[in-house]
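What follows is each chain in one-letter form.
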Amino acid sequence: MRAMVLEKLGPIESKPLKLRDIEVPQIKKSNDLLIKIDACGVCRSQLHGIEGDWKKYGIPPALPTVPGHEITGTIVKTGPNTKKLKVGQRIGISPLHGSCMSCQYCNVGKEHLCDQAEITGETMLGGYAEYITITEDFATPIPDSMKSDYAAPLFCAGITAYKAVKAAEPAKGKSVGIFGVGGVGHLSVEFAKLEGMRVIGVARNKIHLDVAKKVGADNTLQFSEQEEFLFKLKKEEGLLDSAIVFAPSEKIVDLAINSVKKGGTIVLGVLANIPNFDIFTEKTLRGTLIGSRTDMVDVVRIAEQNDFKIIHKTFPLEQANQILEDLKFSRIEARAVLTP
Ligand SMILES: [Zn+2]
Ligand SMILES: [Zn+2]
């Protein structure tokens, strides 16, 4: 099969992903499915992995590898013991590719926190390819009404957005700032609006402020120096009840912390150092990471029932390097999706 293979880490401008012909993965476990990939979203995590930013976290664990963890596709073959899913059905695959199913986290439905979790495109080859396998327990069916390229972003951006909004303790009339409105952020705007919140989209570029408005943000504010930003925020909105950060910048994390009123909540959807956290303000700082299989099913259902706008553009698989470079320099409106 064709795949975009990462053999050596390097800046995306050096086009480190190479188009290669590799073996189609084989069904190993008796409840495995072989999936013909229809679409795979391009997530900022892949950029970090490819450029070596996350080497210190052991990502990617080995080379060569195939990145990509936001996948939709069609079942073309099933193992002898599959019970729930059939050939011809379409499913989605999130970064959570499998877990031990017996630890303290798996036992309480938090399998995404499992220490033995298998991560799509990290502990095994990912979705920048034509085929992938997965056990049916970790595949999420996609309704017929959803096209595969439309649904793909739900499987990382969508679930990340959903969990981050839940972590922000949403309630009717409360305000939330979404700091960083791209692939994940624009879906957070929609989840937060469903909770009845007043949503303020915050971004550096006009194209992302426009995306926030397009999906229903009540107000948008452009990033600026902290003092100027807080002045504008207080004038237009007052300090916020909560903030969610998707912009990978320590400065923006600091800005978000200071944009929230005392006792408020800041949710971090990015890896960042925490600068100047003032304990006397009784704020809550919370991390968030994708979600469980139940969360994934909820995300697909909510997106379908509410006719979510998933702003995306599709590109051929071979253009992965270029698309990741566009993502790096903020030239992608919301989500890019690769089709093999
Ligand atoms: Zn992702
Ligand atoms: Zn486990």
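The model shown is predicted, which means the values in this text are computed figures rather than measured ones. (Residues numbered from 1 in each chain as written. Chains lettered and ligands numbered in written order. Predicted model: local features only at pLDDT ≥ 70, side-chain atom pairs only at ≥ 80, totals over all residues. Heavy atoms only, no water.)

Asker: What's the story with the packing of helix α1 (residues 44-51) against helix α9 (residues 320-328) in this structure? I'm lost.
Answerer: Put simply, α1 and α9 touch, their axes get as near as 10 Å, and they point 105° apart. Regarding the angle of α1 to α9, the classification is roughly perpendicular. Packed against α1, whose contacting residues are Arg44, Gln46, Leu47, Ile50 and Glu51, the element α9 presents Leu324, Leu327 and Lys328 at the interface. Of the residues contributing to the contact of α1 with α9, the split by class is four nonpolar, one polar and three charged. (Axes fitted to C-alpha atoms, helices over the stretch in contact; angles between N-to-C directions. Helix = DSSP H or I, 4+ residues; strand = E, 2+ residues; numbered from the N terminus. Parallel < 35°, antiparallel > 145°, perpendicular 65-115°, else oblique. Contact = heavy atoms within 4.5 Å. Nonpolar A, V, L, I, M, F, W, Y, C, P; charged D, E, K, R; others polar.)

Asker: Help me understand the pattern of salt bridges, please; the structure alone is not making it clear to me.
Answerer: Where side chains of opposite charge bring their charged atoms close, a pairing between them can arise. Under the counting rule described, the total for this entry stands at 20 salt bridges. With a shortest N-O distance of 2.5 Å, Arg2 and Glu318 are connected by a salt bridge. On the criterion of sequence distance, the pair formed by Arg2 in strand β1 (residues 2-6) and Glu318 in the loop between β16 (312-316) and α9 is long-range, its members being 316 residues apart. Linking Asp326 and Arg331 is a salt bridge whose minimum nitrogen-to-oxygen distance equals 2.9 Å. Several salt bridges share partner residues, and in doing so they unite Lys15, Glu325, Asp326 and Arg331 into one network. (Salt bridge = Lys/Arg side-chain N within 4 Å of Asp/Glu carboxyl O.)

Asker: Would you mind going over the coordination of the zinc ion (ligand 2) with me for this structure?
Answerer: Where a metal carries four tetrahedral donors, each ideal angle is 109.5 degrees; where it carries six octahedral donors, the ideal angles are 90 or 180 degrees. Ligation of the zinc ion (ligand 2) by protein atoms is provided by Cys100 (SG), Cys103 (SG), Cys106 (SG) and Cys114 (SG), these donors lying 2.3 to 2.4 Å from the ion. Geometry at the zinc ion (ligand 2) is tetrahedral, judged from its four donor atoms and the angles of 106 to 115° they form at the metal. (Donors = N, O, S within 2.8 Å, 3.2 Å for Na, K, Ca; no water. Tetrahedral: all angles 85-135°; square planar, octahedral: opposite > 155°, others 65-115°.)

Asker: Help me out: how do you make sense of the coordination of the zinc ion (ligand 1) in this one?
Answerer: Binding of the zinc ion (ligand 1) to the protein goes through Cys43 (SG), His69 (NE2) and Cys156 (SG), at separations of 2.0 to 2.2 Å. Summarised as a motif, the one-chain spacing of the donors to the zinc ion (ligand 1) is C-x25-H-x86-C. One end of the pair, Cys43, is in the loop between β3 (32-42) and α1; the other, His69, is in the loop between α1 and β4 (71-78), with 26 residues separating them in the sequence. We classify Cys43 as buried; its relative accessible area is 6%. For His69, a relative accessible area of 5% gives the class buried. (Buried < 20%, exposed > 50% of the residue type's maximum accessible area, 1.4 Å probe, protein only.)

Asker: What is the right way to read the pairing of strand β8 (residues 131-135) from this model?
Answerer: Put simply, side chains in a regular strand alternate between the two faces of the sheet. Counted residue by residue, β8 has four buried out of five residues, so it is predominantly covered. The pairing of β3 with β8 spans five bridges and is antiparallel. For Lys36, the partnering residue across the bridge sits in β8 and is Tyr131. (Pairing = 2+ DSSP bridges.)

Asker: Where do I start with the domain arrangement of the protein in this structure?
Answerer: The parts lose accessible area when they come together, and the size of an interface is often stated as this lost area. As far as domains go, the protein holds domain 1 (2-156 + 290-339) and domain 2 (158-287). Here domain 1 and domain 2 have C-alpha centroids that lie 26 Å from each other. The interface is formed by 28 residues belonging to domain 1 together with 21 residues belonging to domain 2. Taken together, both faces of the contact between domain 1 and domain 2 bury some 2100 Å²; the carbon and sulfur share is 65%. It is Phe308, Lys309 and Glu333 in domain 1 that bury the most area against domain 2; as a group they hold 26% of the surface buried on that side. (Domains from an automatic or database assignment. Buried area = accessible area lost by both parts, 1.4 Å probe.)

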